[in-house]
Amino acid sequence: KSEKVWLTISFGMIMLFMIATGYQAFALGMAPPGGVELIDPQKVNETAPFDQPGIKQIGDNEYEVVMTLQLFSFTPMELEVPAGATVHFKLTSKDVVHGFQIVGTNANGMIVPGYITDITQTFHEPGEYLVICNEYCGIGHQVMATTIKVY
Ligand code: CUA
C-alpha cells in the first residue's frame, strides 16, 4: 500500500513541476522584451500618451517619441532630430504583432498589442534612418516602413 502512496506522491510532484515550468515558459513567451506595461489595444486612441502620438523634447538633445503601429504604418511618420539626439521610443500596436527595427542600429523590438515597448536609440551620425516592420503582419507587411531624418 505504501508503494501506491509514494507513486501517487511522485506523480503529483512531476505534474506540479510540469505545470510550473509550463506556466513559466508561457509567461516569458508572452512578455516581449522591454514591454511590461499593459494597455487595452482597443482603446489606444483614448489612452495617454498614445492619444497624442508625436515627438517631444524632454532634455538637452533628448526626445520622447510616442508612436503607434498599425496595419501597415507608423504614426507619426517622418521624424526629424538633430545629430547626437537620444530618442526614447514608446511603442504599442493597435492591431496585430508588428516589429520595430531601425536599420543599421541595434534598435529592434517586437510590438505586441496590449503591451508598451520602450526602445532608446542615440543617433550619432546624420542621415536618413529607415525604420521597418520586421514581423510578418499581413499583405502590406513589405511596405510598412518610415524614416527618421537626422540632421
Ligand atoms: Cu507590420 Cu509587418
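Engineer: Looking at this structure, how should I read the overall build of the chain?
Structural biologist: Across its full length, the chain carries one helix and eleven strands. From first element to last, N terminus to C terminus, the chain shows the α and β order α-β-β-β-β-β-β-β-β-β-β-β. Residue burial in the chain is summarised as follows: out of 151 residues, 36% are buried. Within the chain, counting contacts between residues at least 6 apart in sequence, those at least 24 apart form 61% of the total.

Engineer: Honestly, the sheet that holds strand E5 (residues 79-81) in this entry has me stumped. Any pointers?
Structural biologist: Backbone hydrogen bonds are what pair the strands of a sheet, in a parallel or an antiparallel way. Overall, mixed pairing links the five strands, which are arranged E5-E11-E10-E7-E8 in an open sheet. The open sheet is flanked by E5 and strand E8 (108-111), the only strands paired with a single partner. In this sheet, adjacent strand axes meet at a mean angle of 20° when their direction is disregarded. Bridge analysis of strand E7 (residues 98-102) against strand E10 (residues 127-132) gives two bridges, and the strand direction is antiparallel. Looking at E10, one finds that Ile102 is bridged to Val131.

Engineer: Looking at this structure, I do not really get a nonpolar patch on the surface. What am I missing?
Structural biologist: Residues Phe11, Ile14, Met15, Phe17, Met18 and Ile19 make up a contiguous nonpolar surface patch of roughly 670 Å² in combined accessible area. Mapped onto the secondary structure, Met18 falls in helix H1 (residues 2-30). Take Met18: its relative accessible area is 52%, and that puts it in the exposed class.

Engineer: Could you clarify how one ought to interpret the pattern of salt bridges in this entry?
Structural biologist: Applying the stated criterion across every chain, the model contains four salt bridges. Between Glu37 and Lys90 there is a salt bridge, and its shortest N-O distance comes to 3.3 Å. Here Glu37, found in strand E1 (residues 37-38), pairs with Lys90, found in strand E6 (residues 85-93); they are 53 residues apart in sequence, far enough to count as distant. In this structure, Lys149 and Glu78 form a salt bridge, with 3.1 Å as the shortest nitrogen-oxygen distance. Taken together, the positions of Lys149 in strand E11 (residues 145-150) and Glu78 in the loop between strand E4 (73-75) and E5 put the pair 71 residues apart, joining distant regions of the chain. Note on Glu78: relative accessible area 48%, which makes it partly exposed. Via salt bridges that share partners, Glu37, Lys90 and Asp118 belong to a single interconnected network.

Engineer: Explanation requested: the packing of aromatic side chains in the structure shown.
Structural biologist: How two aromatic rings sit relative to each other is given by the distance of their centres and the angle of their planes. Across all of its chains, the model carries three aromatic pairs by this definition. Plain terms: the ring middles of Phe74 and Phe100 are 6.3 Å apart, the flat faces sit at 65° to each other, and that makes the pair edge-to-face. With Phe74 in strand E4 and Phe100 in strand E7, this residue pair connects regions lying 26 residues apart in the sequence. The pair formed by Phe74 and Phe100 is uniform in burial state, with each residue classed as buried. Seen from their ring centres, Phe123 and Tyr129 are 5.0 Å apart, and the 75° between their planes marks the pair as edge-to-face. Both residues of the pair, Phe123 and Tyr129, belong to the buried class. Here a set of aromatic residues connected by ring pairs shows up, and it is made of Phe74, Phe89 and Phe100.

Engineer: In this structure, what is going on with unusual backbone geometry? I would like to understand it.
Structural biologist: Cis geometry marks the peptide bond from Ala48 to Pro49, where omega comes out at 0°. Positionally, Pro49 belongs in the loop between E1 and strand E2 (54-59). The peptide bond linking Thr75 to Pro76 adopts the cis configuration, its omega dihedral lying at 5°. Within the secondary structure, Pro76 is located in the loop between E4 and E5. Although it is not a glycine, Asn61 adopts a positive phi angle of roughly 55°.

Thresholds applied
- Residues numbered from 1 in each chain as written.
- Predicted model: local features only at pLDDT ≥ 70, side-chain atom pairs only at ≥ 80, totals over all residues.
- Heavy atoms only, no water.
- Helix = DSSP H or I, 4+ residues; strand = E, 2+ residues; numbered from the N terminus.
- Buried < 20%, exposed > 50% of the residue type's maximum accessible area, 1.4 Å probe, protein only.
- Contact = heavy atoms within 4.5 Å.
- Pairing = 2+ DSSP bridges.
- Axes fitted to C-alpha atoms, helices over the stretch in contact; angles between N-to-C directions.
- Patch = residues over 30% accessible without salt bridge, like charges linked within 9 Å, V, L, I, M, F, W, Y side chains within 5 Å.
- Areas by Shrake-Rupley, 256 points an atom, 1.4 Å probe, with all protein chains shown as cover.
- Salt bridge = Lys/Arg side-chain N within 4 Å of Asp/Glu carboxyl O.
- Phe/Tyr/Trp six-rings, centres within 6.5 Å; stacked < 30°, edge-to-face > 60°.

In short, shape yes, function no, at least from these values alone.
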